[in-house]
Amino acid sequence: MSRLEHLLILLPWLKKNPGVSVEDAARHFKLTEKQLVQDLMLLSVSGIGQYPGEQFDIAYVDGDIYVRDSLGIDRPVRFDSMEAACLLLGLESLELLPQAVSEFGLEDIQSVRDKITSVLTNIPRIGFVEGSKSPDPETLDKVEEALRSDKQLKILYWNNSRDDVTERKISPYSTRLDDGEVVLDAWCHQSDAWRSFRVERIREIEILDSPIPDVAQSFTPMPVAHVVVEVDEPNQHLLEVLTWSGEIERENGKLRVTAAVAQPQWLARKIITSGGRMKAVSPAEFVAQVHTHIKQALAVYE
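Since this is a predicted model, take the numbers as computed values, not measurements.

Another point: the overall build of the protein. The helix and strand tally for the protein stands at nine helices and 12 strands. Relative to its 302 residues, the protein shows a buried fraction of 30%. A sequence separation of at least 24 residues applies to 53% of the contacts in the protein between residues at least 6 apart. Entry remark: accessible area of the protein is about 19,100 Å², with carbon and sulfur atoms responsible for 51%.

Examined bridge by bridge, strand β1 (residues 20-21) and strand β3 (residues 64-69) share two bridges and lie antiparallel to one another. Of the residues in β3, the one forming a bridge with S21 is D64. Counted between consecutive antiparallel strands, the loop separating strand β2 (residues 57-61) from β3 contains two residues, among which D62 sits at a positive phi close to 55°.

Time to look at the pattern of salt bridges. As enumerated under the stated definition, the model contains eight salt bridges in all. Here K154 makes a salt bridge to E206, at a shortest N to O gap of 3.5 Å. Taken together, the residues K154 in strand β4 (residues 151-159) and E206 in strand β8 (residues 202-211) connect sequence positions 52 residues apart. One continuous salt-bridge network, built from bridges that share partners, spans E23, D24 and R27.

Let us look at a nonpolar patch on the surface. Residues V37, M41 and Y60 make up a contiguous nonpolar surface patch of roughly 280 Å² in combined accessible area. Among the secondary structure elements, V37 is positioned in helix α3 (residues 33-44).

What describes a pair of aromatic rings is the distance from one ring centre to the other and the angle between the planes of the rings. For the coordinates displayed, the defined rule picks out two aromatic pairs. Seen in terms of ring centroids, W13 and F29 are 5.2 Å apart; in terms of plane orientation they differ by 85°. Their pairing is edge-to-face. Here W13, found in helix α1 (residues 3-16), pairs with F29, found in the loop between α2 (22-28) and α3; they are 16 residues apart in sequence, far enough to count as distant. Summarising the burial analysis for this pair, W13 and F29 share the class buried. Relative to F197, the ring of Y157 has its centre 5.0 Å away and its plane inclined at 85°; by these criteria the two rings are edge-to-face. In this pair, Y157 sits in strand β4 while F197 sits in strand β7 (residues 193-198), placing the two residues 40 residues apart along the sequence.

So, on to unusual backbone geometry. S282 connects to P283 through a cis peptide bond whose omega is 5°. With respect to the helices and strands, the residue P283 is situated in the loop between β12 (278-282) and α9 (284-300). In this model, K30 sits at a positive phi of 55°, which is unusual for a non-glycine residue. Along the chain, K30 falls in the loop between α2 and α3. The class of K30 is exposed, set by a relative accessible area of 77%.

What follows deals with the packing of α1 against α3. Where α1 meets α3, the closest approach of the two axes is 11 Å, and the angle between their N-to-C directions is 85°. With respect to α3, the axis of α1 lies roughly perpendicular. Of the residues in α3, those touching α1 at R3, H6, L7, L10, L11 and L14 are L36, Q38, D39, L40, L42 and L43. Along the lines of polarity and charge, the residues of the contact of α1 with α3 split into eight nonpolar, two polar and two charged.

Attention shifts here to the nonpolar core. Within soluble globular proteins, side chains that are nonpolar generally end up buried alongside one another. V229, L239, L242, L267, I271, M278 and F286 are the most contacted members of the largest nonpolar core, which totals 19 residues. Secondary structure elements with two or more residues in this core: β9 (225-232), β11 (254-261), α8 (264-273), β12 and α9. If you look at the next biggest cluster of nonpolar residues, it comprises 17 residues, including L11, W13, A25 and F29.

A few words on the environment of L31. If you trace the backbone, L31 turns up in the loop between α2 and α3. On the basis of relative accessible area, L31 is assigned to the partly exposed category, the value being 24%. Leave out the neighbours within four places in its chain, and L31 touches H6, A26, L36 and D39.

Quick look at the sheet that holds β2 now. Read across the sheet, three strands follow the order β1-β3-β2 without closing on themselves; strand pairing throughout is antiparallel. Since the sheet does not close on itself, it has two edges, and those belong to β1 and β2, each with one partner. α1 rests against β1, β2 and β3 of the sheet, and its axis sits at about 100° to β3. This element, α3, spans β2 and β3 of the sheet and lies at about 140° to β2.

A contiguous patch of negative charge, built from D136, E138, D141 and E145, is present on the exposed surface. Topologically, E138 is positioned in helix α7 (residues 137-149).

Conventions used here
- Residues numbered from 1 in each chain as written.
- Predicted model: local features only at pLDDT ≥ 70, side-chain atom pairs only at ≥ 80, totals over all residues.
- Heavy atoms only, no water.
- Helix = DSSP H or I, 4+ residues; strand = E, 2+ residues; numbered from the N terminus.
- Buried < 20%, exposed > 50% of the residue type's maximum accessible area, 1.4 Å probe, protein only.
- Contact = heavy atoms within 4.5 Å.
- Areas by Shrake-Rupley, 256 points an atom, 1.4 Å probe, with all protein chains shown as cover.
- Pairing = 2+ DSSP bridges.
- Salt bridge = Lys/Arg side-chain N within 4 Å of Asp/Glu carboxyl O.
- Patch = residues over 30% accessible without salt bridge, like charges linked within 9 Å, V, L, I, M, F, W, Y side chains within 5 Å.
- Phe/Tyr/Trp six-rings, centres within 6.5 Å; stacked < 30°, edge-to-face > 60°.
- Axes fitted to C-alpha atoms, helices over the stretch in contact; angles between N-to-C directions.
- Parallel < 35°, antiparallel > 145°, perpendicular 65-115°, else oblique.
- Nonpolar A, V, L, I, M, F, W, Y, C, P; charged D, E, K, R; others polar.
- Core = buried A, V, L, I, M, F, W, Y, C linked by side-chain atoms within 4.5 Å.
- Lys, Arg positive; Asp, Glu negative; His and termini not counted.
- Charge placed at Lys NZ, Arg CZ, Asp CG, Glu CD.

Encoded structure:
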């Protein structure tokens, strides 16, 4: 047992046994009196902070020990209703992924969920609403069935960058979570290349009788362009549609991120429609492309 574990056991025991002598406490924990006093001195300068009221209050009265304030450490840890709801939501998300179910086991996930719900009441229901990042359960079931049976899929897919719906014939490869969304990696036979499909954007889905043909053995994601984008701090919400890596850079009221974009023309349209609130900083080729689109748009009104 580590010293930390020992101290975490010692404090609640002292709280339950007010007035216990140093001699009796040392005997109970099989310590010398000197070792116990050292532990008590360490506890007396420990807590949740360094200011009065944030440290354990331990008093010695005629050689007897009293814990006047344990800061609640002697109470069992309990989740509040929102913490429990978030845990349940995370478990439900795990159940959506075939890989997670195969790794952890569906019964284990359900067991943890049942244990949480059995001891808590009044848990707020966090549901997925239309337009959220949750896929339709029936759609996800068909994706999983196709993966298990090695069958191709025919889907109607909404492309956010072009704002249109297209029919695709795909050979599913695997599913994964990307920023909270379930993504299906598959070989698209229309594009004759690997593509990633966000399952919640699949409008219709059909499992075909045709088996998955031989394609490249490893998934190769679409190439992406990296564009530095800048907005004023009050317009930070405009960055929510982007996928970026690293931290947001802040300087003189400006925010900069490096966005990863599979289709640069989509980001160019976002920048143009922002009305000057979002701008591209680099690379120079992309900035020139945005300026060309703007000039073409302005020419229509001349």
